[in-house]
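Each chain is listed here by its residues.
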Amino acid sequence: MTETIEAFLGRGRKATINDVARLAGVSKKTVSRVINNSPSVHARTRDEIAEIIARVGFRPDPQARGLAFRRALLIGLIYDNPNAQYIVNMQMGALDRLRGSGIELVVHPCTWHSETFLSELRDFLESQRPSGVIVLPPIAEDRRLLELLEELNVPCVRVTARTSGDGNAAIGREIVSCDDIGCAEAGAHVAGLGHRRIGYIGGNPDYPSAHVRRHGFEAGLAAHGAAIVPDLDEPGNYSFESGYAAARRLLRRPDRPTAIICANDEMAAGAYKAAFEADLRIPGDLTLIGFDDAPIADRLSPPLTTVRLPTRDMARMAADLLVSRPAPADLPITVASTLIVRGSSGAPKAGL
């Protein structure tokens, strides 16, 4: 050292990063790496620099860190999802964890099937340099994106309904929603009420959740000797509009269903509108079931029976994994779904 720590302290001057580098006999870049928890600094050097920082009372300027080391101050949220409430819940959950941490959330919507999908994401990652990203379904299943994150050395947490054990080799940590558990409860609930003319409005088939939820609903129905009627099986894409259009088709049939299971609450809300226009009472004429337990579920009249998935909690967990960086684990974090029975489900009319 060209100057002792005691001599520096005797000058009564506020320490800068240049002072720390000089006292440690290293470059300013090495001190910066220690401040930003870079793994590229030898443990002994890291400890020596950390001791000097503590003794001279050096505190990095947050604004300067944000400019010079932006990677340490941003968490990205990457998504392509038509369900606005799902995205809001995810943002709120991540912000719950980041609030007060000095780390900001940067949200990046994208178009999964666009020809420029990967190039635009590369631009985002290289320009913003986030310290980690939360990747939402369905792009959480895209191997090209995951390999890009690995190439750029960007830690990620995947939120998904399908684990890497399903043939998708793990990159990053996984938070897996067990959608089928609550869906099986919902299927059993509908069949237990006595419904047998059961319609279904499915989710976007590009999403693993669409298949997992359907499997769960079918398992619950089958346990009570019921099934989705093939002629009453309609496609949807998780949007209000697709739920409304599908429900209109179902309710115009002479053999209309006595119950409709929807793969999310947005589509169930669309089915409410179609039922109102068809002058059908819920649940007297029609039972409706959703998935998510979004805020709209309890605001509909009557309130919607649905499967609760704690999306806000899942985002909070994902952000915590990126901020706290616990030791890597092979097993994913699983989150269960549960049936919430409200006023939209009831027994079918006699004779139906």
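You'll find the structure just up there.
Please read all numbers here as calculations on a predicted model, not as lab measurements.

Rules used throughout
- Counting of residues starts from 1 at the beginning of each chain's written sequence and follows it residue by residue.
- Totals for whole chains, interfaces and linings use all residues, but because this is a predicted model, local features are given only for residues with pLDDT of at least 70 and pairs of side-chain atoms are given and counted only at 80 or more.
- Water and hydrogen atoms play no part in the side-chain values, which are based on all heavy atoms of the structure.
- For every residue, the accessible area (1.4 Å probe, protein chains only) is compared with the maximum for its type, and the residue is labelled buried under 20%, exposed over 50%, or partly exposed between those bounds.
- Counting from the N terminus, the helices are DSSP H or I runs at least four residues long and the strands are E runs at least two residues long.
- A pair of strands is considered paired only if DSSP assigns at least 2 bridges between the two.
- The handedness rule is simple: strands pointing away from the viewer, and a clockwise path from the first strand over the helix to the second, make the crossover right-handed.
- Take a side-chain nitrogen of Lys or Arg and a carboxyl oxygen of Asp or Glu: if they are within 4 Å of each other, that pair is a salt bridge.

(A) Structural context of the pairing of strand β8 (residues 259-262). In β8, alternate side chains face the same way, and those of Ala259 and Ile261 on one face and Ile260 and Cys262 on the other are all buried. Of the strand pairs in this sheet, strand β6 (residues 198-201) and β8 are connected by 4 bridges, and their pairing is parallel. Across the sheet, residue Ile198 finds its bridge partner in β8, namely Ala259. Pairing of β8 with strand β9 (residues 287-292), which is carried by 3 bridges, proceeds in the parallel orientation. Considered in β9, the bridge of Ala259 is made with Thr287. Regarding the hand of the β-α-β motif, the stretch spanning β8, helix α12 (residues 265-277) and β9 is right-handed.

(B) Quick look at the pattern of salt bridges. In total, this model carries 26 salt bridges according to the counting rule given. As a salt-bridge pair, Arg97 and Asp320 come within 2.7 Å of each other at their nearest N and O atoms. In this pair, Arg97 is assigned in helix α6 (residues 84-98) and Asp320 in helix α13 (residues 311-324), connecting sequence segments 223 residues apart. Since its relative accessible area comes to 30%, Asp320 is described here as partly exposed. Between Glu234 and Arg249 there is a salt bridge, and its shortest N-O distance comes to 2.8 Å. Linking Glu234 in strand β7 (residues 228-234) with Arg249 in helix α11 (residues 240-251), this pair joins segments that are 15 residues apart in sequence. Given a relative accessible area of 15%, Glu234 falls into the buried group. Each of the salt bridges in this network shares a partner with another, and the network as a whole consists of Asp96, Arg99, Arg312, Asp313 and Arg316.

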